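Each chain, letter by letter, is given below.
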Amino acid sequence: MNTTIELLSNHTTIRSFTNQPLTEEQREAIFKAANQTSSFSLLQAVSIIRITDPDLRKKVMELSANQPYIEEAAEFWIFCADFNRNHQIAPNVDLEYIEYLLIGTFDAGLMAQNALTAAESMGLGGVYIGGVRLHITELTEVLHLPKHVIPLVGLCIGHPAGENPGLKPRLPQSMVMFDNQYQPLDEETLATYDQQMREYYRERPVKAPFTVKKVKGWKDHIEDHLERSKLPFMLEYLNKQGFAKK
Ligand SMILES: Cc1cc2nc3c(=O)[nH]c(=O)nc-3n(C[C@H](O)[C@H](O)[C@H](O)COP(=O)(O)O)c2cc1C
């Protein structure tokens, strides 16, 4: 095993940070690594809003289910799909096709992951904040995002505090990677994984603000989180920002 594979295979989300800031060198190294990420047709349709203003950080936290680590982390970056830059260069291109949303979302996700991996490689830790989309219209206003820019995910980065939470079990390879053609769900393998997750959750109950009533295993988790992740206002919001009209 090499050090990159070791790092990736030991990934675990960190939700507790000391108040030690990152050095400028660390911050720049993370940005540089993230900015070199592959980009669809080199459109580079991503912008990062780094939230340094404490009042704004608090406001974003409130808009993102009050997750305390948004305020506590040394760094908080919001990754946005950004076609505003491209639009200024090529104003006659119709950006209302849904493919642009896929391109921007994919590029932003890849870039965010490279930022997190770069941070982890330096002994730092982080947590993504999909919760930034819970009040996306208000967040868009607060960040002064123009048309063709949408905030997709936040990333808290900092020095880990407390114990390492340990690896969260993932689905086995047979359920995730198929040779040549898709395979139906194997109930027996699923039951084994569900049992593994029951044990994981028993040892580490979900903490506020994500207290859930009866999460026992992965199947319960899926039912609960699928239901809560609908965000029915999203299509209207995307259309307003100039995305996904056709
Ligand atoms: C796009 C995305 C959004 C996420 N949003 C949140 C979030 O808002 N709050 C949070 O505590 N964790 C969030 N997470 C972290 C996941 O809960 C975490 O990655 C998952 O439970 C697996 O745990 P692990 O990363 O420790 O292996 C998010 C992860 C991703 C990829």
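Above: the structure in question.
The structure contained in this document is the topic of the report that follows. (Residues numbered from 1 in each chain as written. Predicted model: local features only at pLDDT ≥ 70, side-chain atom pairs only at ≥ 80, totals over all residues. Heavy atoms only, no water.)

**Some words on the packing of helix H2 (residues 24-35) against helix H6 (residues 98-121)**
Counted only if it meets this: The convention used is that axes are lines fitted to C-alpha atoms, helices contributing only their stretch in contact, and that angles between N-to-C directions extend from 0 to 180 degrees. Going along the chain from the N terminus, every DSSP run of H or I of four or more residues is numbered as a helix, and every run of E of two or more is numbered as a strand. Reported orientations rely on four angle classes, namely roughly parallel under 35 degrees, roughly antiparallel over 145, roughly perpendicular from 65 to 115, and oblique for the rest. Two helices cross in a left-handed way if the nearer one is turned anticlockwise from the farther one by less than a right angle. They cross in a right-handed way if the turn is clockwise. The contact criterion used throughout is that any non-hydrogen atoms of two residues lie within 4.5 Å. Each residue gets one of three labels, nonpolar for Ala, Val, Leu, Ile, Met, Phe, Trp, Tyr, Cys and Pro, charged for Asp, Glu, Lys and Arg, and polar for the others, Gly among them.
Viewed as axis vectors pointing N to C, H2 and H6 meet at an angle of 140°, and their least axial separation amounts to 8 Å. As the angle between them shows, H2 and H6 are arranged oblique. Relative to H6, H2 is oriented so that their crossing is right-handed. Side by side, H2 and H6 meet where Ile30, Ala33, Ala34 and Asn35 of the first sit next to Met111, Asn114, Ala115, Ala118 and Ala119 of the second. Its residues placed into classes, the contact of H2 with H6 shows seven nonpolar, two polar and no charged.

**A closer look at helix H3 (residues 54-63)**
In plain terms, the rule: Under the scheme applied here, a residue whose accessible area is under 20% of the maximum for its type counts as buried, over 50% as exposed, and between as partly exposed, the area being computed with a 1.4 Å probe on protein chains only. Arc, as used here, means the arc of the directions from the helix axis to the C-beta atoms. For the purposes of these results, a polar contact is taken to be a pair of N or O atoms within 3.5 Å, where, inside protein, one atom must be able to donate a hydrogen and its partner to accept one; residues adjacent in sequence count only when each atom of the pair is a side-chain atom.
Listed in full, the buried residues belonging to H3 are Arg57, Val60, Met61 and Leu63. Buried residues along H3 cover an arc of 165° about the axis, so they all sit on one side. Where H3 is buried, its residues contact helix H4 (69-72), strand S2 (75-82) and helix H7 (136-142). The opening residue of H3, the one whose side-chain oxygen lies 2.9 Å from the backbone nitrogen of Asp55, is Asp53. Phi for Ala65, located one or two positions after H3, is positive at around 65°.

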